[in-house]
Amino acid sequence: MRVTHLSLTDFRNYAEAEVPFGAGPNLIVGRNGQGKTNLVEALGFLSTLSSHRVSQTGAMVRSGEDSAIIRARLEYNGRDILAEVQINRSGLNRAQINKSVIKTRELPRYFSSVLFAPEDLALVRGDPSGRRRFLDQLLVLRNPRFSGVLADYDRVLKQRNTLLKSARASGLKTTQLGTLDIWDERLVALGSEIIDARADLVAQLMPPLHNAYKSVAGADHGPNLVASLSILGADEEADETGSPAVAPPNVGSGSGTADTFRTALAGLRRKELDRGMTLAGPHRDDLVFELNNLPAKGYASHGESWSFALALKLASAELLRRDSSSGDPVLILDDVFAELDQSRRRRLAEAVTGYEQVLITAAVFEDVPAVLAAHAIHIHAGAVVDAPEVESGADHG
Ligand SMILES: Nc1ncnc2c1ncn2[C@@H]1O[C@H](COP(=O)(O)OP(=O)(O)OP(=O)(O)O)[C@@H](O)[C@H]1O
Ligand SMILES: [Mg+2]
């Protein structure tokens, strides 16, 4: 698929912007702080309902305004689709497809993109929550129905935690015990589905990850992804240098996972009542990234970590493209090329030129290989301008 046109209203530093995009590579270029990342952030939001930079959507509304609008014209399967979201500083966001109101959470069904940005280094170096979010977002992109499963799990988790907290405060009554059993079953059913889906996703990511890492890094450092599961006793609060609790073969396959989950909850009940929270389940799992059999976090170099995060995104794009009925996801590379040496730039360019559409941002035009720079969009002070020379402060409308 591709974006043919993006319109922004009061989004970040854009009061109004109209940006046409071409098929194939598009290079968004301009000096630091002009609004390049803001443009691609808007598209990322349209496809995931989240920003790669902030968790509070209010930051995306232009300062002094109450709401921002992102509107994109999309083209796939010979169809032309107008997708739109209004981000409100207070109150719920609103979405439309072809001018008809839809539930906002349905929006990602219509637009699939994979965005890589410097912030993604946190996938390798940051907390488990970022890695869980990465997997879950990809699950939803591949199968939109999954957003319901994740939302249901969150709800059950909250209700179970509330019950555990109230039991902690006043002692567990017999009636509450029955209710806890019911929440346990819901938690296990939904949680096992998530654990199994993540395991399946990780298995599918491995081959394209391997290829992408080799093409980005130019060497094979044996990138590996290992699930660390709280239902097997892994504890995200524990010492991070400990070895991960690796899943035995029956976990990650239907009833095996549910049985393991149930057993874990039974073993944790006293501790959960003491702490007033749920201590096992996909909300406390991690995915350990390894290079050459060592955890990347704490061992990998800056360049290796960078290559790993980028390869993971390229692998996601590859998976999405493989089983999509609407063509390739739009590939978005924010500020990638400045970090790479010449040969890595060339290899990355080769790896992405086959995509239907690639959007690249760069502060320095020359950093991007010529094959990706034929169609350039110049950005200056929150506006699309004709040529880079117009940076004198003249009025660009
Ligand atoms: N809500 C907002 N309202 C107004 N301006 C904003 C808002 N959020 C961010 N900005 C401004 O947008 C600009 C940053 O834009 P952006 O991150 O897109 O820059 P960039 O072109 O990607 O720069 P770099 O090359 O440094 O990555 C900053 O000047 C910032 O102050
Ligand atoms: Mg930027």
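Residues numbered from 1 in each chain as written. Chains lettered and ligands numbered in written order. Predicted model: local features only at pLDDT ≥ 70, side-chain atom pairs only at ≥ 80, totals over all residues.

1. Topic: the overall build of the protein chain
Alright, step 1. The helix and strand inventory of the protein chain stands at eight helices and 15 strands.
Alright, step 2. For 397 residues, the compact-globule formula gives about 21 Å, and the C-alpha radius of gyration of the protein chain, at 23 Å, lands near that figure.
Alright, step 3. In terms of overall dimensions, the protein chain has a C-alpha envelope of 75 × 50 × 40 Å along the principal axes.
Alright, step 4. Residues counted as buried form 42% of the 397 residues belonging to the protein chain.
Alright, step 5. Within the protein chain, contacts between residues separated by at least 24 positions form 69% of all contacts whose residues are at least 6 apart in sequence. (Helix = DSSP H or I, 4+ residues; strand = E, 2+ residues; numbered from the N terminus. Rg over C-alpha atoms; globule rule 2.2 N^0.38 Å. Buried ≥ 20, exposed ≤ 12 C-beta atoms within 10 Å, placed from the backbone. Contact = placed C-beta atoms within 7 Å.)

2. Details of the domain arrangement of the protein chain
Alright, step 1. Looking at the assigned domains, one finds that the protein chain contains domain 1 (1–112 + 324–397) and domain 2 (119–315).
Alright, step 2. Domain 1 and domain 2 are separated by 30 Å when their C-alpha centres are compared.
Alright, step 3. Across the boundary between the two partners, domain 1 contributes 14 residues, which contact 13 residues of domain 2.
Alright, step 4. A per-element tally of the side of domain 1 that touches domain 2 places helix α8 (residues 342–352) first, with five residues. (Domains from an automatic or database assignment.)

3. Re the sheet that holds strand β11 (residues 294–295)
Sheets are built from strands that pair by backbone hydrogen bonding, the pairs being arranged parallel or antiparallel.
Alright, step 1. What the three strands build is an open sheet, ordered β9-β10-β11; its pairing is antiparallel. Because the sheet does not close on itself, it has two edges, and the strands there are β9 (224–228) and β11.
Alright, step 2. Across five bridges, β9 lies against strand β10 (residues 286–291) in antiparallel orientation. Bridged to L225 within β10 is F289.
Alright, step 3. Across the sheet, helix α5 (residues 174–217) is in contact with β9 and β10; its angle to β9 comes to roughly 170 degrees. (Pairing = 2+ DSSP bridges. Axes fitted to C-alpha atoms, helices over the stretch in contact; angles between N-to-C directions.)

4. Considerations on the site of ligand 1
Alright, step 1. Around ligand 1 sit 16 residues in total, of which N13, N32, K36, T37 and N38 are the nearest.
Alright, step 2. Of the residues contributing to the shell around ligand 1, the split by class is three nonpolar, nine polar and four charged. (Near = placed C-beta within 6 Å. Nonpolar A, V, L, I, M, F, W, Y, C, P; charged D, E, K, R; others polar.)

5. Some thoughts on the environment of L49
Alright, step 1. Within the secondary structure layout, L49 lies in the loop between α1 (36–48) and β4 (67–76).
Alright, step 2. Note: C-alpha distance between L49 and V85 (36 residues apart in sequence) is 9.2 Å.
Alright, step 3. Residue contacts for L49: discarding those within four places in its chain leaves T104, R105, L107 and P108.

6. A closer look at the sheet that holds strand β15 (residues 383–385)
Alright, step 1. Spatially, six strands are ordered β8-β12-β13-β3-β14-β15 in an open sheet, and the strand pairing comes out mixed. Only two strands of the sheet have a single partner each, and these edge strands are β8 (113–116) and β15. Averaged over all neighbouring strand pairs, the angle between strand axes comes to 25 degrees, with direction disregarded.
Alright, step 2. Here strand β12 (residues 330–334) pairs with strand β13 (residues 357–362) via four bridges, running parallel. Across the sheet, I332 pairs through a bridge with L359, a residue of β13.
Alright, step 3. Each of β3 (24–29), β8, β12, β13 and β14 (376–380) is contacted by α1, which is oriented at about 145 degrees to β12, the strand it contacts most.

7. Regarding α1
Alright, step 1. In a regular helix each residue adds 1.5 Å, so 13 residues correspond to 18 Å; α1 covers 19 Å between its end C-alpha atoms and thus fits that length.
Alright, step 2. Within α1, 13 of the 13 residues are buried, leaving the element largely enclosed by the surrounding structure.
Alright, step 3. Two residues or fewer past α1, L49 is found with a positive phi of approximately 60 degrees. (Expected span 1.5 Å × (residues − 1).)

8. Some remarks on the packing of α5 against helix α6 (residues 255–275)
Alright, step 1. Following both chains from N to C, one finds α5 and α6 inclined at 130 degrees, their axes separated by 9 Å at the closest point. Considering their axes alone, α5 and α6 lie oblique with respect to each other. Crossing of α5 against α6: the hand is right-handed. Here D184, V188, G191, S192, I195 and D196 of α5 come into contact with α6, specifically with T257, A258, F261, R262 and L265.
Alright, step 2. Split by residue class, the contact of α5 with α6 holds five nonpolar, three polar and three charged. (Parallel < 35°, antiparallel > 145°, perpendicular 65-115°, else oblique. Left-handed = near helix turned anticlockwise from the far one by under 90°.)

9. Section: the nonpolar core
Alright, step 1. Judged by nonpolar contacts, the single largest core of 103 residues is most densely connected at L46, F308, A311 and I332.
Alright, step 2. It is α5 that contributes the most residues to this core, 12 residues altogether. (Core = buried A, V, L, I, M, F, W, Y, C linked by C-beta atoms within 7 Å.)

10. Notes on the pairing of β4
Alright, step 1. Bridging between strand β1 (residues 2–11) and β4 involves seven bridges; their strand directions are antiparallel. Counted as the bridge partner of V3 is L74 from β4.
Alright, step 2. Looking at chain direction, β4 and strand β5 (residues 79–88) are connected through 10 bridges and run antiparallel. Bridged to I70 within β5 is V85.
Alright, step 3. In this structure, the hairpin formed by β4 and β5 is closed by a connection of two residues, where N77 is found at a positive phi of approximately 50 degrees.

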